[in-house]
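Spelled out from the first residue to the last, the chains are:
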Amino acid sequence: MQKSRTDLAAILEVDSIGGDLFRGNNPNVSNERVFGGQVVGQAMFAACRTVEARLPHSLHCYFIHTGDPQVSLIYKVERLRDGKSYSTRRVTAMQHGNPISSIMVSFHKREEGTFDHQDKMPEVPGPEHFTVKELSKKAIYPRLPEIVRRYYEPDRPVELRPVEIERYVGQKIEGGRLHMWMKAATKLPDDPALHICALAYASDLSLLDAVMARYGRTLFDGRILSGSLDHAMWFHRPFRADDWLLYAKESPSAQSGRGFTRGLIFGRDGTLVASVAQEGSVRERR
């Protein structure tokens, strides 16, 4: 029996439990740890519930402790500022009474600006070139790791279609630049705040894998220990998270057991919709 697609909106939903406290649930209690993108997305959604007529334009998150997937998350929202144009919220994600993440979210009242420019979208084939049907025609398809094949299974909340598929069988990427098409697997409601939270969730998917691109390796080979330390994101222009978006990723630096990554996210029409930066612990098992 074919599995049904997972509703990303349901994953991001948080319940008010009084004041500025919210509860978020974990969809996969069998996982070893809570996915960082889930914590960021739910925290942002909680913050959005305390702001009117403004949308998030940036977030900055520190991951303090690994989340327990068998325990609900409590999000404490603090209203730091409500100015004429900007609002600021601090959200603490907690389990067992202790903080596991601290997230700052800034909101902006929409306005017309004098300056408007953006980087050009990379020229890569569209997502239709990376379906399972198209990939199955490639000689490397039988050699792809099982975790990569999982990208195409229908029970994932976000559809992922990596462009540089050969890197999963050892190809080194000169310059370390990677590209991945992604979108929410199900249609989302027409709520701009929800689409922003959905993209924040998706932005944490395999971003640290860009650290490995220069070496012909991936985070999925079992010899690497990795985890996100922090995550920052800026939202530039309107978009829908249930339309195909191109995630262009790179890692300018890795040293001392840490890898730094950054990414630009484009709509299919070339619009730059968001930017991301993340540093993580990336170590080889010894």
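Residues numbered from 1 in each chain as written. Predicted model: local features only at pLDDT ≥ 70, side-chain atom pairs only at ≥ 80, totals over all residues. Heavy atoms only, no water.

Trainee: A description of the side chain of Asn26 should follow, citing residues and the corresponding values.
Mentor: Along the chain, the position of Asn26 falls in the loop between β2 (21–24) and α2 (36–48). For Asn26, a relative accessible area of 13% puts it in the buried group. Among the polar contacts made by the side chain of Asn26, one reaches the side chain of Gln38 at a distance of 2.6 Å. A distance of 2.8 Å separates a polar side-chain atom of Asn26 from the backbone oxygen of Val71. Not counting the four nearest positions on each side in its chain, Asn26 is found in contact with Val34, Gln38, Asp68, Pro69, Gln70, Val71, Ser72, Leu73 and Gln95. (Helix = DSSP H or I, 4+ residues; strand = E, 2+ residues; numbered from the N terminus. Buried < 20%, exposed > 50% of the residue type's maximum accessible area, 1.4 Å probe, protein only. Polar contact = N/O pair within 3.5 Å; in protein donor to acceptor, adjacent residues only side chain to side chain. Contact = heavy atoms within 4.5 Å.)

Trainee: Explain the sheet that holds strand β9 (residues 224–235) to me, using residue names and the numbers behind them.
Mentor: Taken in spatial order, the 12 strands make up an open sheet running β1-β2-β4-β5-β6-β3-β9-β12-β11-β10-β8-β7, and their pairing is antiparallel. Two strands bound the open sheet, and with one partner strand each, they are β1 (14–16) and β7 (158–162). Taken pair by pair, the neighbouring strands of this sheet meet at an average axis angle of 25 degrees, ignoring direction. Across 9 bridges, the pairing between strand β10 (residues 245–255) and strand β11 (residues 258–267) is antiparallel. In the sheet register, Ala248 faces β11, and the bridge partner there is Leu264. Contacting β1, β2, β3 (55–63), β4 (73–82), β5 (86–95), β6 (98–108) and β9, α2 crosses the sheet at an angle of about 50 degrees to β4. With respect to the sheet, helix α5 (residues 192–203) is in contact with β3, β7, β8 (178–184), β9, β10, β11 and β12 (272–284), its orientation differing from that of β9 by roughly 150 degrees. (Pairing = 2+ DSSP bridges. Axes fitted to C-alpha atoms, helices over the stretch in contact; angles between N-to-C directions.)

Trainee: For unusual backbone geometry, give the residues involved together with the corresponding values.
Mentor: Working note: non-glycine residues mostly have negative phi, and peptide bonds are mostly trans. The backbone of His96 shows a phi angle near 55 degrees, a positive value even though the residue is not glycine. The residue His96 is located in the loop between β5 and β6 in this model. One non-glycine residue, Ser206, lies in the positive phi region at around 60 degrees. Relative to the elements of secondary structure, Ser206 occurs in the loop between α5 and β9. Residue classification places Ser206 among the buried residues on the basis of a relative accessible area of 17%.

Trainee: Tell me what's going on with the pattern of salt bridges, and back it up with residues and numbers.
Mentor: Inspection of every chain in the model, using the stated rule, returns 18 salt bridges. Here Asp190 ties to Arg240 by a salt bridge, and the two come within 2.7 Å at their closest N and O atoms. Placement of the pair is Asp190 in the loop between β8 and α5 and Arg240 in the loop between β9 and β10, with a sequence separation of 50 residues. (Salt bridge = Lys/Arg side-chain N within 4 Å of Asp/Glu carboxyl O.)

Trainee: If you had to explain the environment of Gly175 to someone new, which residues and values would you point to?
Mentor: As for its position among the elements, Gly175 is in the loop between β7 and β8. In this structure Gly175 comes out as partly exposed when scored by relative accessible area, which is 24%. Remark: the alpha-carbon pair of Gly175 and Ala241, spanning 66 residues in sequence, is separated by 28 Å.

Trainee: Lay out the packing of aromatic side chains in plain terms, naming residues and giving numbers.
Mentor: In this structure the tally under the stated criterion is 3 aromatic pairs. Taken together, a centroid distance of 5.0 Å and an interplanar angle of 75 degrees make the contact between Phe35 and Tyr201 edge-to-face. Taken together, the residues span a long stretch of sequence, with Phe35 in the loop between β2 and α2 and Tyr201 in helix α5 at a distance of 166 residues. A ring pair is formed by Tyr151 and Tyr168, whose centres lie 6.5 Å apart and whose planes are at 75 degrees; its orientation type is edge-to-face. Here Tyr151 is found in the loop between α4 (146–149) and β7, whereas its partner Tyr168 is found in the loop between β7 and β8, with 17 residues between them in sequence. On the basis of relative accessible area, Tyr151 is assigned to the buried category, the value being 6%. We classify Tyr168 as buried; its relative accessible area is 8%. Taken together, the ring pairs connect Tyr151, Tyr168 and Phe220 into an aromatic cluster. (Phe/Tyr/Trp six-rings, centres within 6.5 Å; stacked < 30°, edge-to-face > 60°.)

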